[in-house]
Amino acid sequence: MTTSDQKSELYGAIVGKNRRDYYLERFLSFDERGGGLFPSWNFAAFFFSGLWALYRKMYAVFLGTLGIAIAWEVISGAMRLEGLLYNLFYLVLWIAYGVYGNSLYHRHALKQMAKARSDSDETLARQLSVQSKGGVNRWVFFIIPTVFIAGVLAGILVPAYQDYTI
């Protein structure tokens, strides 16, 4: 069993340097409450949703969100939903990320710690294992502007090419 200090070190290794104190405080609070999803507001998770999950290396959460969004687009397209009802779905998704983002990240951290525990019994080796799987993906910062610029260019070039072909 890990002590509180060891758990704090492992959480710190998973989170990385960015916002370590913020997440450590919430994770220890979640540990005191027991298992489950607990509300705890996270602005980054609210504003960036799936990209925040990708940044925090929560690939399953990111893919799940992407799958839900694709399914919603297919369903809303088939039902021809528009306006308020269509946008309400995404608003609820954003709010859910904001409210439960910290708790989802805590679950991810616990899974990483359990995996590291099963891989090694030595504390230092465990911490290094967790640290290599934790932290953040810095390349996400390059993806966001690239996708934005590609979208703007497509919005300009596609109509221009259609006019040219006509």
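Quick look at the structure, then. (Residues numbered from 1 in each chain as written. Predicted model: local features only at pLDDT ≥ 70, side-chain atom pairs only at ≥ 80, totals over all residues. Heavy atoms only, no water.)

## Topic: the overall build of the protein chain
As a reminder, the rule being used: Helix and strand definitions follow DSSP, with helices as H or I runs of at least four residues and strands as E runs of at least two, each counted in order from the N terminus. Accessible area is worked out with a 1.4 Å probe on protein chains only. A residue is then buried under 20% of its type maximum, exposed over 50%, and partly exposed in between. Two residues qualify as a contact provided that any one of their heavy atoms is within 4.5 Å of a heavy atom in the partner residue.
Within the protein chain one finds seven helices and zero strands. Order of helices (α) and strands (β) in the protein chain, N terminus to C terminus: α-α-α-α-α-α-α. Each of the 166 residues in the protein chain was classed as buried or not, and the buried ones make up 32%. Put simply, of all contacts in the protein chain between residues at least 6 apart along the chain, 71% involve residues at least 24 apart.

## Regarding helix 2 (residues 20-33)
To keep things clear, this is the line we draw: One less than the residue count of a helix, multiplied by 1.5 Å, gives the span that helix is expected to have. What the arc describes is the spread of directions from the helix axis to the C-beta atoms.
A rise of 1.5 Å per residue sets the reference length of helix 2, with its 14 residues, at 20 Å; its end C-alpha atoms lie 20 Å apart and thus fit the reference within 8%. Buried within helix 2 we find Y22, Y23, F27 and F30. Along the axis of helix 2, the buried positions cluster into a sector of 115°, meaning they face one direction only. What points out from helix 2, more than 90 degrees from its buried face, is the exposed set D21, E25 and E32. Immediately beyond the C-terminal end of helix 2, within one or two residues, lies G34, with a positive phi of roughly 100°.

## Looking at the nonpolar core
Quick reminder of the rule: Nonpolar cores were defined as sets of buried Ala, Val, Leu, Ile, Met, Phe, Trp, Tyr and Cys residues, with membership established by side-chain atoms within 4.5 Å.
Y23, F27, W52 and Y105 are the most contacted members of the largest nonpolar core, which totals 17 residues. Put simply, the parts of the chain that give this core at least two residues each are helix 1 (4-15), helix 2, helix 3 (43-55) and helix 5 (83-119). Ignoring any residue separated from it by four or fewer positions in sequence, one finds F27 in contact with Y11, V15, N102, Y105, H106 and A109.

## Brief notes about the environment of Y23
Our working definition: Two N or O atoms form a polar contact when they lie within 3.5 Å of each other; inside protein one atom must be a possible hydrogen donor and the other a possible acceptor, and for residues adjacent in sequence the pair counts only when both atoms belong to side chains.
Note on placement: Y23 falls in helix 2. Taking relative accessible area as the criterion, Y23 reaches 3% and is therefore assigned buried. Residue contacts for Y23: discarding those within four places in its chain leaves V15, N18, N42, W52, R56, N102 and Y105. Looking at Y23, its side chain comes within polar contact range of the side chain of N42, at 3.1 Å.

## Topic: the pattern of salt bridges
Our working definition: Criterion for a salt bridge: a side-chain nitrogen of Lys or Arg within 4 Å of a carboxyl oxygen of Asp or Glu.
Going through the model one piece at a time under the given rule, you end up with two salt bridges. One salt bridge in this structure joins K7 and D31, with 3.6 Å as the shortest N-O distance. Taken together, the positions of K7 in helix 1 and D31 in helix 2 put the pair 24 residues apart, joining distant regions of the chain. Where R26 meets E25, a salt bridge forms, and the shortest distance between an N and an O atom there is 4.0 Å. For R26, a relative accessible area of 21% gives the class partly exposed. Given a relative accessible area of 56%, E25 falls into the exposed group.

## Structural notes on the side chain of S49
On the secondary structure map, S49 appears in helix 3. Polar side-chain contacts of S49 include one of 3.3 Å to the side chain of W94.

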